[in-house]
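This is what each chain is made of:
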Amino acid sequence: MYLGLAVLGAVVPYAALAVFISRHGLSLSELAQQAFGSPGATFFALDVVVGGVTVLVAATRDSRLIGRKWAVVAATLLVGPGCGLPLWLALRQTGP
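Below is a summary of the structure that appears in this document.

So, how was this worked out
- Residues numbered from 1 in each chain as written.
- Predicted model: local features only at pLDDT ≥ 70, side-chain atom pairs only at ≥ 80, totals over all residues.
- Heavy atoms only, no water.
- Helix = DSSP H or I, 4+ residues; strand = E, 2+ residues; numbered from the N terminus.
- Buried < 20%, exposed > 50% of the residue type's maximum accessible area, 1.4 Å probe, protein only.
- Contact = heavy atoms within 4.5 Å.
- Areas by Shrake-Rupley, 256 points an atom, 1.4 Å probe, with all protein chains shown as cover.
- Salt bridge = Lys/Arg side-chain N within 4 Å of Asp/Glu carboxyl O.
- Core = buried A, V, L, I, M, F, W, Y, C linked by side-chain atoms within 4.5 Å.
- Phe/Tyr/Trp six-rings, centres within 6.5 Å; stacked < 30°, edge-to-face > 60°.

So, on to the overall build of the chain. Each helix and strand in the chain was counted, giving six helices and zero strands. When its helices and strands are written in sequence order, the chain yields α-α-α-α-α-α. Split into buried and exposed, the 96 residues of the chain put 25% on the buried side. Residue pairs in contact within the chain that sit at least 24 positions apart in sequence constitute 55% of those at least 6 positions apart. Working note: accessible area of the chain is about 6,300 Å², and carbon and sulfur atoms make up 71% of it.

This part covers the environment of Val50. For Val50, the location among the structural elements is in helix 3 (residues 39–61). For Val50, a relative accessible area of 51% gives the class exposed. Linking Val50 and Pro81, residues 31 residues apart in sequence, is a C-alpha distance of 9.3 Å.

Inspection of the entire model under this criterion finds one salt bridge. Notably, a salt bridge pairs Asp62 with Arg92, separated by 2.7 Å at the nearest N-O pair. Here the residue Asp62 occupies a position in the loop between helix 3 and helix 4 (63–66), and Arg92 occupies one in helix 6 (residues 81–94), the gap between them amounting to 30 residues. On the basis of relative accessibility, which here comes to 40%, the residue Arg92 falls in the partly exposed class.

In this structure, Ala6, Ala10, Val55, Ala59, Ile66, Ala71, Val72, Ala75, Cys83, Leu87, Trp88 and Leu91 together form the largest nonpolar core, which totals 12 residues. Among the elements of the structure, helix 1 (2–24), helix 3, helix 5 (69–78) and helix 6 are those that each provide at least two residues to this core. Among the elements that line this core, the one with the most residues is helix 6, at four residues. Not counting the four nearest positions on each side in its chain, Val55 is found in contact with Val72, Thr76, Pro81, Gly84 and Leu85.

Moving on, we come to the packing of aromatic side chains. Centre-to-centre distance and the angle between the planes together describe a pair of aromatic rings. Counted under the stated rule, the structure contains one aromatic pair. Ring centres 5.0 Å apart and planes at 70 degrees place the aromatic pair Phe43 and Phe44 in the edge-to-face group. Assigned by exposure class, Phe43 and Phe44 land together as exposed.

As structure tokens, then:
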């Protein structure tokens, strides 16, 4: 189940990113402006950042239990916590 959620956590955000890129190209300034353009958007963006840092800290501290913390770090940094968190939970269940 966790691996399925990790895949979903990768596919859904990248689908939204594909729509953004099709409309605006690879404009990082436009992406940042939209992500922090209103108090509501800023709330969600900062929540994702704090969640991502939390996943990275927890996975790093838990590395003896999961064995492949590099995968969690890569998934969190390259995709986001919606992918990294369920991957970390899946790896915790299976062990090193």
